[in-house]
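Below are the chains, spelled out letter by letter.
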Amino acid sequence: MKGYKIIVLAKQVPDTRNVGKDAMKADGTVNRAALPAIFNPEDLNALEQALRIKDQFPGTTITLLTMGPGRAAEIIREGLFRGADDGILLTDRAFAGSDTLATSYAIAQTLKKHGNYDIIIAGRQAIDGDTAQVGPQVAEKLGIPQITYAEEIQAIEKGKVTVKRRLERGVEVVKCPMPLVVTVNSSAPDCRARNAKLIMKYKHAKTISEMQEANDDYLHLYSDRPYLTIKEWTVQNIEADMNELGLTGSPTKVKKVDNVVLQSKGAKVITSSDEDMDQLMRELIESHTIG
Amino acid sequence: MNSVFVYIEIEDGQVAEVSMELLTKGRALATELKVKLEAIAIGYKLDGIEKDIFPYGVDILHIADDKRLAPYTTLPHTSIVVKLFQEEKPQIALMGASSVGRDLGPRVSSALHSGLTADCTSLVIGDHEDKKADKVYENLLYQIRPAFGGNIIATIINPDCRPQMATVREGVMKKEILDPAYKGKINKLDVSKYTTDLDFVVEMIERHMEKSKVNIKGAGIIVAGGYGVGSKENFNLLFELAEVLGGEVGASRAAVDSGYVSHDRQIGQTGTTVRPKLYIACGISGQIQHRAGMEESAQIIAINTDPEAPINSIADYVITGDVAEILPKMIKFYKANTK
Ligand SMILES: Cc1cc2nc3c(=O)[nH]c(=O)nc-3n(C[C@H](O)[C@H](O)[C@H](O)COP(=O)(O)OP(=O)(O)OC[C@H]3O[C@@H](n4cnc5c(N)ncnc54)[C@H](O)[C@@H]3O)c2cc1C
Ligand SMILES: Cc1cc2nc3c(=O)[nH]c(=O)nc-3n(C[C@H](O)[C@H](O)[C@H](O)COP(=O)(O)OP(=O)(O)OC[C@H]3O[C@@H](n4cnc5c(N)ncnc54)[C@H](O)[C@@H]3O)c2cc1C
């Protein structure tokens, strides 16, 4: 059996779920620098779906694609430790300031260049931008169908993929020809843990830039073991139209950003009177805690 | 002048709640801009649907009616909306931030190369000065949305590309009929001109309602109950509050042991550890094993009859009183202060 060619789209994100009291600045706003950079949670769910296909269909390969700064190579290694076969880091200053459309354009160009895909699996949503737009936009740019809100890729048969979708009010099972884009929900199974053997195998996997910086004794490794080189692509590799990239290629512009100021400690004691309850709900709405 | 457009979501033959809310908002924006409000309804057996749409002040309703258009699938709905927008050139297009709108919106925006802002909580008309380009844009749509896990609020604009597209969640905008007798025009679309056979490659195998699994770990707001809630029936109040706030219900071990709710909702040392934006502890004393699972919540509200309950020491708001009295008030005043 020849298996399938799978691309997993993954983004490195600040852990916005971890904004506990310790990650707050004195003025009550979030200290972003204090947030750890993590593998976007739903992209791990996406990776698990890919790994399950690989378990079932030997010969399947999984390529992890991420666009981001140099340090985003961390999540490619993380993917290799869990069973991905290789990765591409797409990194270039020209991508700075991309909205979802410019991001999707860069990703779609990369995929066109890379070619050779049956299923592209993304997370439903990234926890920083929070838009859930990149998956469907990549699908549109490649001219292939999309199945969003996936909870389980149930079967692949005769060139068609059967997917269970989890929607707000119910469940749908749909069948779609390949190639296609699937975006995966957090309700899908968690990703398996790192594999000790794979950690041994890939712990020195690096991008060219990382190798140059590291200046270590392992350089001979990379010529002996090609799988340790993580592909690093720039605008040059993807034949992109510069007008479609970064800030220039982004129709949406961020006009203004307000930090949500969270209440500092020291409990407010309130009664159950109508006035107090009304005041409380107003405060919570105003601080965007609810609503 | 170019219109404001609303994509009407059809659920079991009915106009979805979120679409009525968007029509209300769309009408207000259209009136402010002195342009028409138009809507597009795509589905099957839509005869008479205009009766539920015109009263919101819709001037033109475009209808695409075909057996293959219901239930919703991505490709044919995208093709119809994209072609129609290319013909009509709306300046603003609104969709629900639902599993339909969030599937359709990005695909349409990509095809039209227009920007899309997700999950807006407020939409306002305003001007914008681009100092670098020395250009002033009048009457842009300010699309205001939380991002970064709700830790920031961004105002997004779309200066050059049209339509300016935005999605909005259900319950964010107010729903209000403009005039029950409002009469608009109907434009029936010839579906074969707007779609191709290739749009129908995705087959629907099965479709049913199913309750989702409990997901307290991923919830931004948790309403948690303890032994002090008193009964399974009283827990319904917590479910109601969680529903209106868009959160989940959690519980202490004592509440789970008493059979008030299932074990998958237990928070604490032997349950799940959570870090929501808001944790509302109802009738929970706050023993160390419970606190271990929730004390990193960004904000904590403690509701307890005992002013000395240990939970109060880690709370941001302490409400001394009876859960059964306080929760209905929270629901009431939340509703009164939104919309
Ligand atoms: C405050 C703020 C608000 C914003 N609001 C908007 C907005 O309303 N509209 C808009 O168009 N842009 C917006 N952006 C820009 C947007 O966040 C970026 O374009 C971002 O690169 C992609 O969007 P996302 O994080 O929402 O990803 P999503 O669309 O939520 O991501 C979905 C999936 O796509 C894949 N994916 C996403 N990004 C990458 C990547 N870099 N590499 C590999 N895979 C990826 C992952 O699988 C991910 O799970 C905003 C940015 C900020 C800072
Ligand atoms: C090894 C071990 C592991 C444990 N793991 C967990 C765990 O994972 N999670 C967990 O929760 N517990 C755990 N426990 C149990 C924990 O010690 C407490 O027993 C439990 O958390 C108490 O639950 P409670 O606060 O709901 O009940 P109680 O302690 O009985 O508190 C009820 C509270 O409700 C208040 N009240 C009563 N009536 C009202 C009313 N009408 N309106 C408002 N307030 C009212 C009371 O003043 C009181 O403060 C564990 C214990 C052990 C020993």
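Rules used in this analysis
- Residues numbered from 1 in each chain as written.
- Chains lettered and ligands numbered in written order.
- Predicted model: local features only at pLDDT ≥ 70, side-chain atom pairs only at ≥ 80, totals over all residues.
- Heavy atoms only, no water.
- Helix = DSSP H or I, 4+ residues; strand = E, 2+ residues; numbered from the N terminus.
- Buried < 20%, exposed > 50% of the residue type's maximum accessible area, 1.4 Å probe, protein only.
- Contact = heavy atoms within 4.5 Å.
- Areas by Shrake-Rupley, 256 points an atom, 1.4 Å probe, with all protein chains shown as cover.
- Phe/Tyr/Trp six-rings, centres within 6.5 Å; stacked < 30°, edge-to-face > 60°.
- Near = heavy atom within 4 Å.
- Polar contact = N/O pair within 3.5 Å; in protein donor to acceptor, adjacent residues only side chain to side chain.
- Nonpolar A, V, L, I, M, F, W, Y, C, P; charged D, E, K, R; others polar.
- Core = buried A, V, L, I, M, F, W, Y, C linked by side-chain atoms within 4.5 Å.
- pLDDT = per-residue confidence, 0-100.
- Buried area = accessible area lost by both parts, 1.4 Å probe.
- Salt bridge = Lys/Arg side-chain N within 4 Å of Asp/Glu carboxyl O.
- Pairing = 2+ DSSP bridges.
- Domains from an automatic or database assignment.
- Expected span 1.5 Å × (residues − 1).

1. Section: the overall build of chain B
Okay, step 1: Along chain B, the regular secondary structure elements total 8 helices and 18 strands.
Okay, step 2: Expressed along its principal axes, the backbone C-alpha trace of chain B runs to roughly 65 × 55 × 40 Å.
Okay, step 3: With 339 residues in all, chain B has 58% of them scored as buried.
Okay, step 4: For chain B, the share of sequence-separated contacts (at least 6 apart) that also reach a separation of at least 24 residues comes to 61%.
Okay, step 5: As presented, chain B carries roughly 14,400 Å² of accessible surface, and 49% of it is formed by carbon and sulfur atoms.

2. Section: the packing of aromatic side chains
Residues and elements named next belong to chain B.
Okay, step 1: What the rule picks out here adds up to 5 aromatic pairs over all chains.
Okay, step 2: Consider the rings of F5 and F85, whose centres lie 5.1 Å apart with planes at 70°: the pair is edge-to-face. Taken as a pair, F5 in strand β1 (residues 4-8) and F85 in helix α2 (residues 74-88) lie far apart in primary sequence, 80 residues in all.
Okay, step 3: The class of F85 is buried, set by a relative accessible area of 4%.
Okay, step 4: Ring centres of Y227 and Y260 lie 6.5 Å apart, and the angle between their planes is 15°; on these two criteria the pair is classed as stacked. With Y227 in the loop between β14 (221-225) and α5 (232-245) and Y260 in the loop between α6 (253-257) and β16 (278-282), the pair connects residues that are 33 residues apart, well separated along the chain.
Okay, step 5: Taking relative accessible area as the criterion, Y260 reaches 12% and is therefore assigned buried.

3. Focus: the site of ligand 1
Okay, step 1: Near ligand 1 you find 34 residues, and of these K11, D43, T100 and T131 of chain A together with R145 of chain B are the closest.
Okay, step 2: Near ligand 1, residues from chains A and B are present, making the site a shared one.
Okay, step 3: Within the backbone of D130 of chain A, an N or O atom sits 3.4 Å from an oxygen atom of ligand 1.
Okay, step 4: In this structure, a nitrogen atom belonging to ligand 1 sits 2.7 Å away from a side-chain N or O atom of R145 of chain B.
Okay, step 5: For ligand 1, the accessible surface in isolation is 940 Å², of which the surrounding protein chains cover 90%.
Okay, step 6: Those elements that place two or more of their residues in the shell around ligand 1 are β4 (61-67), α3 (100-114) and β6 (119-123) of chain A together with β7 (116-120), β9 (135-147) and β10 (152-157) of chain B.
Okay, step 7: The residue makeup of the shell around ligand 1, split by class, is 15 nonpolar, 12 polar and 7 charged.

4. Regarding the nonpolar core
Okay, step 1: Membership of the largest hydrophobic core comes to 45 residues, with the highest contact counts inside it found for I6, V8, L47, I53, I62, I119 and I121 of chain A.
Okay, step 2: Looking at this core element by element, the count peaks at 6 residues for helix α1 (residues 41-56) of chain A.
Okay, step 3: If we ignore the near neighbours within four places in the chain, the residues touching I53 of chain A are Y4, I6, T60, I119, I121, I153 and I156 of chain A.
Okay, step 4: Within the second largest apolar cluster, 36 residues are counted, among which are I270 of chain A together with V223, V229 and L278 of chain B.

5. Considering the confidence of the model for chain B
Okay, step 1: Scored by pLDDT, chain B comes out at a mean of 94, with 99% of its residues at no less than 70.
Okay, step 2: Quick note on the complex model: pTM equals 0.82, ipTM equals 0.89.

6. Some details on the site of ligand 2
Residues and elements named next belong to chain B.
Okay, step 1: As a matter of local geometry, ligand 2 sits amid 24 residues, with Y227, S252, T270, S285 and N304 nearest to it.
Okay, step 2: In the model, an oxygen atom of ligand 2 is placed 3.4 Å from a nitrogen or oxygen of the G271 main chain.
Okay, step 3: Take T305: an N or O atom from its main chain is 3.3 Å from a nitrogen atom of ligand 2.
Okay, step 4: Within the complex, the protein chains bury 72% of what would otherwise be the 980 Å² of accessible surface of ligand 2.
Okay, step 5: Of all the secondary-structure elements, those providing two or more residues to the shell around ligand 2 are α6 and α7 (288-291).
Okay, step 6: Here the residues of the shell around ligand 2 sort into 5 nonpolar, 16 polar and 3 charged.

7. Points about the interface of chain B and chain A
Okay, step 1: Taken together, the 81 residues of chain B in the interface contact 87 residues of chain A.
Okay, step 2: Buried surface at the junction of chain B and chain A, summed over both partners, amounts to about 7,100 Å²; 54% is from carbon and sulfur atoms.
Okay, step 3: The largest per-residue losses of area from chain B upon contact with chain A belong to R107, F148 and Y317 of chain B, which jointly make up 11% of the total buried on that side.
Okay, step 4: For the interface between chain B and chain A, the tally reads 3 salt bridges.
Okay, step 5: R207 of chain B is the salt-bridge partner of E172 of chain A, the closest N and O atoms lying 2.9 Å from each other.
Okay, step 6: Across the contact surface, chain B and chain A share 34 residue pairs in polar contact (both at pLDDT 80 or more).
Okay, step 7: Counting residues per element, the side of chain B that touches chain A draws most heavily on helix α8 (residues 323-337) of chain B, at 8 residues.
Okay, step 8: Partitioning the side of chain B that touches chain A into residue classes produces 36 nonpolar, 24 polar and 21 charged.

8. Looking at the sheet that holds β4 of chain A
Okay, step 1: What the 11 strands build is an open sheet, ordered β11(A)-β12(A)-β5(A)-β4(A)-β1(A)-β6(A)-β10(A)-β7(A)-β8(A)-β9(A)-β13(B); its pairing is mixed. Lying at the two open borders of the sheet, with one neighbouring strand each, are β11 (206-207) of chain A together with β13 (203-208) of chain B.
Okay, step 2: Sheet topology note: the strand β9 (residues 170-177) of chain A/β13 of chain B ladder contains 5 bridges and is antiparallel. Bridge pairing in β13 of chain B links V174 of chain A to M204 of chain B.

9. A look at the domain arrangement of chain B
Okay, step 1: What the domain assignment reports for chain B is domain 1 (4-200) and domain 2 (221-337).
Okay, step 2: Put simply, the middle of domain 1 of chain B and the middle of domain 2 of chain B, counted by C-alpha atoms, are 38 Å apart.

10. Details of helix α3 (residues 101-112) of chain B
Okay, step 1: Compared with the 16 Å implied by 1.5 Å per residue over 12 residues, the 16 Å span of α3 of chain B between its first and last C-alpha is a close match.
Okay, step 2: Burial analysis of α3 of chain B places 11 of its 12 residues in the buried class, which makes it a mostly covered element.

11. Considering the environment of N116 of chain A
Okay, step 1: Its location among the elements puts N116 of chain A in the loop between α3 and β6.
Okay, step 2: Along the backbone, N116 of chain A and Y149 of chain A are 33 residues apart, and their C-alpha atoms lie at a distance of 24 Å.

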